[in-house]
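# Chains, contacts and geometry: an overview
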Amino acid sequence: MNRSMLRLIALILGSTIAGCALAASPGQTIYETHCSACHGSDGKGAFPGVPDFTQKNGVLSLPAAVLLKRIEHGYQAPGAPMAMPARGGDASLTDQQIKLVLGYVRSRFRG
Ligand code: HEC
């Protein structure tokens, strides 16, 4: 194998790895797996009662600590038609994963 072929292979491998890193951060993977069914991949909410994350001055303008608590323990606003299930409905989701996914949600959708 000659040098330029090696270089080509390195280039392809490199861009594939970079592409994967861009395509799915850990936070995004958790979001797509545990949250997007209700919150939508666009963050606007897939059902009535699910907040639109992209709304200016919407729920994501609440302090991160409040949002973390609501994700960990679940939350239903008074009179709301639907509840946010604790840990998105998966008790095995760790506090660390919840921090990662909230970080993703805030950086991706916050209006
Ligand atoms: C079964 C549907 C469902 C799933 C799954 C779900 N959510 Fe929710 N989520 C809701 C609903 C409904 C609300 C609004 C609750 C309310 O305000 O009464 C909500 C609210 C929220 C809020 C705003 C809290 C607030 O003050 O209203 C955040 C942040 C949030 N969800 C994050 C997540 C994350 C992160 C995941 C994945 C780990 C997730 N949700 C999974 C339905 C869901």
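Quick note: structure is the one above.
Attention in this report is confined to the structure presented alongside it. Keep in mind the model is a prediction, meaning the values are calculated, not measured. (Residues numbered from 1 in each chain as written. Predicted model: local features only at pLDDT ≥ 70, side-chain atom pairs only at ≥ 80, totals over all residues. Heavy atoms only, no water.)

### A few points about the nonpolar core
With 15 residues, the main nonpolar core has Tyr31, Phe53, Leu60, Val105 and Phe109 as its most contacted residues. Among the secondary structure elements, those contributing two or more residues to this core are helix 2 (26-39), helix 3 (64-73) and helix 4 (95-109). Examining the composition of this core, we find that six residues originate from one element, helix 4, more than from any other. Look past the residues within four positions of Phe109 in its chain and what remains in contact with it is Tyr31, Ser41, Asp42, Gly43, Phe53, Thr54, Leu60 and Tyr104. (Core = buried A, V, L, I, M, F, W, Y, C linked by side-chain atoms within 4.5 Å. Buried < 20%, exposed > 50% of the residue type's maximum accessible area, 1.4 Å probe, protein only. Helix = DSSP H or I, 4+ residues; strand = E, 2+ residues; numbered from the N terminus. Contact = heavy atoms within 4.5 Å.)

### Side note on helix 4
Spanning 15 residues, helix 4 covers 21 Å between terminal C-alpha atoms, matching the ideal 21 Å at 1.5 Å per step. When helix 4 is considered as a whole, its buried residues turn out to be Ile98, Val101, Leu102, Tyr104, Val105 and Phe109. One side of helix 4 carries all its buried residues, which in axial view fall inside an arc of 160°. If you follow the buried residues of helix 4, they end up packed against helix 2 and helix 3. (Expected span 1.5 Å × (residues − 1). Arc of directions from axis to C-beta.)

### Digging into the layout of surface pockets
Empty space within the largest pocket amounts to approximately 630 Å³. Of the residues forming the lining of the largest pocket, the biggest block, seven residues, is contributed by helix 2. Considering only residue class, the lining of the largest pocket consists of 22 nonpolar, six polar and two charged. (1 Å grid on protein atoms, 1.4 Å probe; cavity = no way out; pocket = protein on both sides within 12 Å on 5 of 7 lines; lining within 4 Å. Points joined across faces, edges and corners; volume = space filled by probe spheres on them. Nonpolar A, V, L, I, M, F, W, Y, C, P; charged D, E, K, R; others polar.)

### Some remarks on the site of the ligand
Taken together, the neighbourhood of the ligand is formed by 24 residues, with Cys35, Cys38, His39, Arg70 and Met84 sitting nearest. Contacts to the ligand include His39, whose side-chain N or O atom sits 2.8 Å from a nitrogen atom. A distance of 2.6 Å is found between an oxygen atom of the ligand and a backbone nitrogen or oxygen belonging to Ala77. Among the detected pockets, the ligand sits in the largest pocket. (Near = heavy atom within 4 Å. Polar contact = N/O pair within 3.5 Å; in protein donor to acceptor, adjacent residues only side chain to side chain. Sits in = over half its atoms within 2 Å of the grid points.)

So yeah, pure geometry; function would need other evidence.
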